[in-house]
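For reference, the chains in residue letters:
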Protein chains: 2
Amino acid sequence: MLYIIGLGLSDERDITVKGLEAVKKSERVYLEAYTSILMVPKERLEAFYGRDVIVAHRETVESNSDDILRDADKIDVSLLVVGDPYGATTHSDLVIRAHELNIPVKTIHNASIMNAVGATGLQLYSFGQTISLVFFTDSWRPDSFYDRIKENAAIGLHTLCLLDIKVREQSIENMMRNRPIYEPPRYMSVNLAIEQLLEVEENRKEKAYTEDTIAVGVSRLGSDDQVIKAGTLKQLLDVDFGQPLHSLVLVGSRLHLLEAEVLREYAVDLDGLNLVLKRDYGIDK
Amino acid sequence: MLYIIGLGLSDERDITVKGLEAVKKSERVYLEAYTSILMVPKERLEAFYGRDVIVAHRETVESNSDDILRDADKIDVSLLVVGDPYGATTHSDLVIRAHELNIPVKTIHNASIMNAVGATGLQLYSFGQTISLVFFTDSWRPDSFYDRIKENAAIGLHTLCLLDIKVREQSIENMMRNRPIYEPPRYMSVNLAIEQLLEVEENRKEKAYTEDTIAVGVSRLGSDDQVIKAGTLKQLLDVDFGQPLHSLVLVGSRLHLLEAEVLREYAVDLDGLNLVLKRDYGIDK
């Protein structure tokens, strides 16, 4: 059996009881390490599970999946995924390959940012499509996300923005020389995300959002020191959200009174927030 | 401390390790029983937790929240919610009331249908707003969901349809006479949902969807006997999805090749599905 097991959001104890039982009886345990991270090191997972954990990079899961699937028709193998197994990627290649090899697959679900973002007080019913923001480089500043946000905004919906992580990046020189040397991991902050968003708005000028759009920044959601802060993009630009991971929600115009009430609890500048709620969202106190 | 703990999708072992620890140290444990159900009886939860579980109906959580919060500044109290605490409702009233009483609140997240629906192979990034379908009655056949589906469809997005459950319904006579007698629980099936959807399309005729729209029906997601079936609405109309809970996804036109490949694995009529994929979604084999 191949178990694909969600680890949830924060630490080793966010695994479900069912997931933990599957890990404990697996002969090999892989940790998918490229779409998200837990807030604890691999060694803490190993101690808690009583199992070695093999870090699986993107190329292993996507191209060398037969390594993961080896003997899984006879023994149990677990692939651990931070969040839910179907959050950032559907692992379709791996599942389809397992089916071809007649290996049964069982998914054990868990929380992901996609549903836990409800902790902001914004209703999950009122979210449109989710977008990803990647680190801009000098030569690569893709802005296709802008059209997605605009589509959501046009019908008043919130947009969850997932922020880039780079955990196994090579410098161009090391890549050219085929040297397996990797840069330190980088995680996009709410602040950088807002900078990039405003740069693209400045270029496009179609008002998918402005610096006065209300947003909610979250960091380390699901952990004991999670931070949730609400304000306009301009207000949030200088707020320190601390350690990764960060995410950002752009608030749509169909904002409900009860959602606004919770946003006020998280306001970085209550008067400023109330002013924009009244002027741009039609919500009075 | 008030713990608001997601139970996940299926049975008593879908709780997280962290959630189970919180339950075990709580003096009172409530189970919110009106937005979703687990597939196991309350007694099985009680045996697994070693704790009595008090069923909390909507009126308790929303109007008598002080019962739940009693002494929670001094002792630990848990409110268990099927799925994730922020799935179907944000529990904002309860959280705001706790804050007023200076009671700390901690949320322990879990999977909900909102993210686990990724198990269909459809990418969570490509879902628009989620809608709810309620049981039609002779006099009440609300169709505001139709506009939401139409908005999603206009930009090519999938729509997750959550299906009504009635777990504590009174007959009009019993309600009039104030008799606490409740009807047997009812859970909307995929089949009834499709009937209602097609009835509304028949009335509105704006082609938000048609009987040839591709959809995915799911039941008991996350359990060992989950069912996932893909086909046109017409094809799925007579498919038996078995015991509750059921959900339905309408597939948007921005369907990706890889998503289509997974849908084929779940097809109830592969030739029919391929024909519609090619004709209406522009996806060839």
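Worth saying up front: this structure is predicted, and the values here are computed from it rather than measured. (Residues numbered from 1 in each chain as written. Chains lettered and ligands numbered in written order. Predicted model: local features only at pLDDT ≥ 70, side-chain atom pairs only at ≥ 80, totals over all residues. Heavy atoms only, no water.)

1. A few points about the relation of the copies chain A and chain B
Thinking step 1. For the match of chain A to chain B, the screw axis carries a shift of 0.0 Å, the RMSD comes to 0.0 Å, and the turn is 180°. Taken together, the rotation and translation relating the two chain copies correspond to the operation of a two-fold axis.
Thinking step 2. Taken together, the interface assignments show that 100% of the residues at the interface of chain A recur at the interface of chain B, consistent with an identical surface on both copies. (Least-squares fit on C-alpha atoms with pLDDT ≥ 70 in both. Contact = heavy atoms within 4.5 Å.)

2. Comments concerning the environment of N152 of chain B
Residues and elements named next belong to chain B.
Thinking step 1. Residue placement: N152 occurs in helix α7 (residues 145-154).
Thinking step 2. Residues in contact with N152, not counting those within four places in the same chain, are G128, Q129, L157, H158 and T159.
Thinking step 3. Of the polar contacts made by the side chain of N152, one reaches the backbone oxygen of Q129; its length is 2.9 Å. (Helix = DSSP H or I, 4+ residues; strand = E, 2+ residues; numbered from the N terminus. Polar contact = N/O pair within 3.5 Å; in protein donor to acceptor, adjacent residues only side chain to side chain.)

3. Side note on empty space enclosed by the protein
Thinking step 1. Throughout the structure, instances matching the rule amount to three cavities of 30 Å³ or more.
Thinking step 2. By volume, the largest cavity amounts to about 210 Å³.
Thinking step 3. Class assignment for the residues of the lining of the largest cavity results in ten nonpolar, four polar and no charged.
Thinking step 4. For the second largest cavity, the lining is made up of 13 residues, of which Y86 and V95 of chain A together with A119, V262 and Y266 of chain B are closest to its centre.
Thinking step 5. When residues of the lining of the second largest cavity are assigned to their parent elements, the largest contribution, four residues, is made by helix α5 (residues 92-100) of chain A.
Thinking step 6. Among the residues making up the lining of the second largest cavity, the classes are represented as six nonpolar, six polar and one charged. (1 Å grid on protein atoms, 1.4 Å probe; cavity = no way out; pocket = protein on both sides within 12 Å on 5 of 7 lines; lining within 4 Å. Points joined across faces, edges and corners; volume = space filled by probe spheres on them. Nonpolar A, V, L, I, M, F, W, Y, C, P; charged D, E, K, R; others polar.)

4. Quick notes on α7 of chain B
Turn by turn, an α-helix covers 3.6 residues, leaving residues three or four places apart pointing in a common direction.
Thinking step 1. Among all positions of α7 of chain B, only F145, Y146, I149, E151 and N152 of chain B are buried.
Thinking step 2. Where α7 of chain B is buried, its residues meet β6 (131-133), β7 (159-163), α9 (190-204) and β12 (246-250) of chain B. (Buried < 20%, exposed > 50% of the residue type's maximum accessible area, 1.4 Å probe, protein only.)

5. Notes on the sheet that holds β7 of chain B
Residues and elements named next belong to chain B.
Thinking step 1. Strand order in the open sheet made by the five strands is β6-β7-β12-β10-β11, with mixed pairing throughout. Where the open sheet ends on each side, the last strands, each with one partner, are β6 and β11 (227-232). Sheet twist, expressed as the average angle between the axes of neighbouring strands with direction ignored, equals 25°.
Thinking step 2. Of the pairings in the sheet, the one linking β6 to β7 comprises three bridges and is parallel in character. Bridge pairing in β7 links I131 to C161.
Thinking step 3. Lying over the sheet, α9 contacts β6, β7, β10 (214-219) and β12, oriented at roughly 45° with respect to β12.
Thinking step 4. Sheet strands touched by helix α12 (residues 270-281): β10 and β11. Its angle to β10, the strand with the most contacts, is close to 130°. (Pairing = 2+ DSSP bridges. Axes fitted to C-alpha atoms, helices over the stretch in contact; angles between N-to-C directions.)

6. Section: the interface of chain A and chain B
Thinking step 1. Counting from both sides, the interface comprises 54 residues of chain A and, opposite them, 54 residues of chain B.
Thinking step 2. Where chain A abuts chain B, roughly 4400 Å² becomes buried across the two surfaces, and 55% of that area is made up of carbon and sulfur atoms.
Thinking step 3. At the boundary of chain A with chain B, the tally comes to ten salt bridges.
Thinking step 4. Joining chain A to chain B, the criterion identifies 28 residue pairs in polar contact (both at pLDDT 80 or more).
Thinking step 5. Of the residues in the side of chain A that touches chain B, the class split is 22 nonpolar, 18 polar and 14 charged. (Buried area = accessible area lost by both parts, 1.4 Å probe. Salt bridge = Lys/Arg side-chain N within 4 Å of Asp/Glu carboxyl O.)

7. Some remarks on the pairing of strand β12 (residues 246-250) of chain A
All names here are of chain A.
Thinking step 1. Taken across its five residues, β12 has five buried, putting it largely inside the fold.
Thinking step 2. Here β12 shows no split at all, with H246, L248 and L250 on one side and S247 and V249 on the other all buried.
Thinking step 3. As defined by bridge partners, strand β7 (residues 159-163) adjoins β12 across four bridges and the pair is classed as antiparallel. Directly across from L160, in β12, lies its bridge partner V249.
Thinking step 4. Examined bridge by bridge, strand β10 (residues 214-219) and β12 share five bridges and lie antiparallel to one another. Note that in β12 the partner of V216 across the bridge is V249.

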